[in-house]
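Each chain is listed here by its residues.
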Amino acid sequence: LCMATLFNFGVNPPSVFASESPIVLSPNGGTFTVYANDPNGTTVVYPGPEVQVGFLFETDDDDTWCGGQCDQFMTNACGDEGPVKSNFQYPDLESRFAMVADCTRGNVYTVCETPLIPFLENEECKFVMNDAVNIYGDNSGEIQVTYTLIP
């Protein structure tokens, strides 16, 4: 696992970070919450039985969270157009404080830009705010995510 992490250039399987059991994605759809102050994010899993499916993940533009002080960095799941710094959890993505889905196959999506995410059977994705590593504690707010199975 350590070697795989080294070669993923900072992208780690969600199960490494998950502090709770993953949320099982239902074929009937549902919701889950992603908290801005949690660097471990919210992990979801697709258990099958189909080999591959797609889920559409949507957020309400009125749901907001803050990366640090709310008077400067309040945004929705799409994030802030400001520059992402090298100390961010996902420094190669363009929007700071955006909601990211980091999946076990090494795919990383910005949910606002790529709301339809393919899942293989038993694949996990960690949904988390893209913020500077080790300073999630000053964040606040949460974003509710609604998901729908796309046949």
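Just so we're clear, the structure is a prediction, and the values are computed from it rather than from any experiment.

The subject of this paragraph is the state of the cysteines. By definition, a disulfide links the sulfur atoms of two cysteines through a covalent bond. A full pass over the atoms with the stated rule returns three disulfides. Covalently, Cys-66 is tied to Cys-70 through a disulfide, its sulfur atoms 2.1 Å apart. A torsion of 110 degrees about the S-S bond marks the disulfide between Cys-66 and Cys-70 as right-handed. You can call Cys-70 partly exposed: its relative accessible area is 33%. Each sulfur of the disulfide joining Cys-78 and Cys-112 lies 1.9 Å from the other. Taking the torsion about the sulfur-sulfur bond, which here is approximately 55 degrees, the covalent link between Cys-78 and Cys-112 counts as right-handed. Placement of the pair is Cys-78 in the loop between strand 6 (74-75) and strand 7 (99-103) and Cys-112 in the loop between strand 8 (108-110) and strand 9 (116-120), with a sequence separation of 34 residues. Among the residues examined, Cys-112 registers a relative accessible area of 39% and is labelled partly exposed. Each bonded cysteine of the protein is numbered by sequence order, and under that numbering the disulfide pairs are 1-2, 3-5, 4-6.

Moving on: the nonpolar core. Formed by 33 residues in total, the largest nonpolar core has its most connected members in Phe-57, Met-99, Phe-119 and Phe-127. Elements represented by at least two residues in this core include exactly strand 2 (30-35), strand 3 (42-46), strand 4 (52-59), strand 7, strand 9, strand 10 (123-129) and strand 11 (140-150). Residues contacting Phe-119, with those up to four places away along its chain left out, are Leu-25, Val-44, Tyr-46, Val-51, Gln-52, Val-53, Phe-55, Phe-57 and Cys-125.

This brings us to the pattern of salt bridges. Going through the model one piece at a time under the given rule, you end up with two salt bridges. Across the salt bridge formed by Asp-80 and Arg-96, the nearest N and O atoms sit 3.4 Å from each other. Residue Asp-80 is located in the loop between strand 6 and strand 7, and its partner Arg-96 is located in the loop between strand 6 and strand 7; the two are separated by 16 residues in the primary sequence. Across the pair, exposure class does not vary: Asp-80 and Arg-96 are buried alike. In this structure, Arg-105 and Glu-123 form a salt bridge, with 3.1 Å as the shortest nitrogen-oxygen distance. Placement of Arg-105 in the loop between strand 7 and strand 8 and of Glu-123 in strand 10 is noted, with a sequence separation of 18 residues between them. Look at Arg-105 and you get partly exposed, because its relative accessible area is 39%. Using a relative accessible area of 3% as the deciding quantity, one classes Glu-123 as buried.

Within the fold, Pro-151 resides in the segment after strand 11. A sequence separation of 124 residues divides Pro-151 from Pro-27, and the C-alpha atoms of the two residues are 9.5 Å apart.

Next up on the list: the packing of aromatic side chains. Within the structure shown, the criterion is met by twelve aromatic pairs. Here Phe-57 and Phe-127 contribute two aromatic rings whose centre-to-centre distance is 4.9 Å and whose plane-to-plane angle is 50 degrees, an arrangement assigned as tilted. Placement of Phe-57 in strand 4 and of Phe-127 in strand 10 is noted, with a sequence separation of 70 residues between them. Residue Phe-57 shares its accessibility class with Phe-127, and that shared class is buried.

Let's shift gears to unusual backbone geometry. Cis geometry marks the peptide bond from Gly-48 to Pro-49, where omega comes out at 15 degrees. Within the secondary structure layout, Pro-49 lies in the loop between strand 3 and strand 4. Not every positive phi belongs to a glycine, and Phe-97 is a case in point at roughly 65 degrees. Here Phe-97 shows up in the loop between strand 6 and strand 7. Although it is not a glycine, Asn-122 adopts a positive phi angle of roughly 70 degrees. Residue placement: Asn-122 occurs in the loop between strand 9 and strand 10. Residue Asn-122 is classed as exposed on the basis of its relative accessible area, which comes to 52%.

So, how was this worked out
- Residues numbered from 1 in each chain as written.
- Predicted model: local features only at pLDDT ≥ 70, side-chain atom pairs only at ≥ 80, totals over all residues.
- Heavy atoms only, no water.
- Disulfide = S-S within 2.5 Å.
- Buried < 20%, exposed > 50% of the residue type's maximum accessible area, 1.4 Å probe, protein only.
- Helix = DSSP H or I, 4+ residues; strand = E, 2+ residues; numbered from the N terminus.
- Core = buried A, V, L, I, M, F, W, Y, C linked by side-chain atoms within 4.5 Å.
- Contact = heavy atoms within 4.5 Å.
- Salt bridge = Lys/Arg side-chain N within 4 Å of Asp/Glu carboxyl O.
- Phe/Tyr/Trp six-rings, centres within 6.5 Å; stacked < 30°, edge-to-face > 60°.

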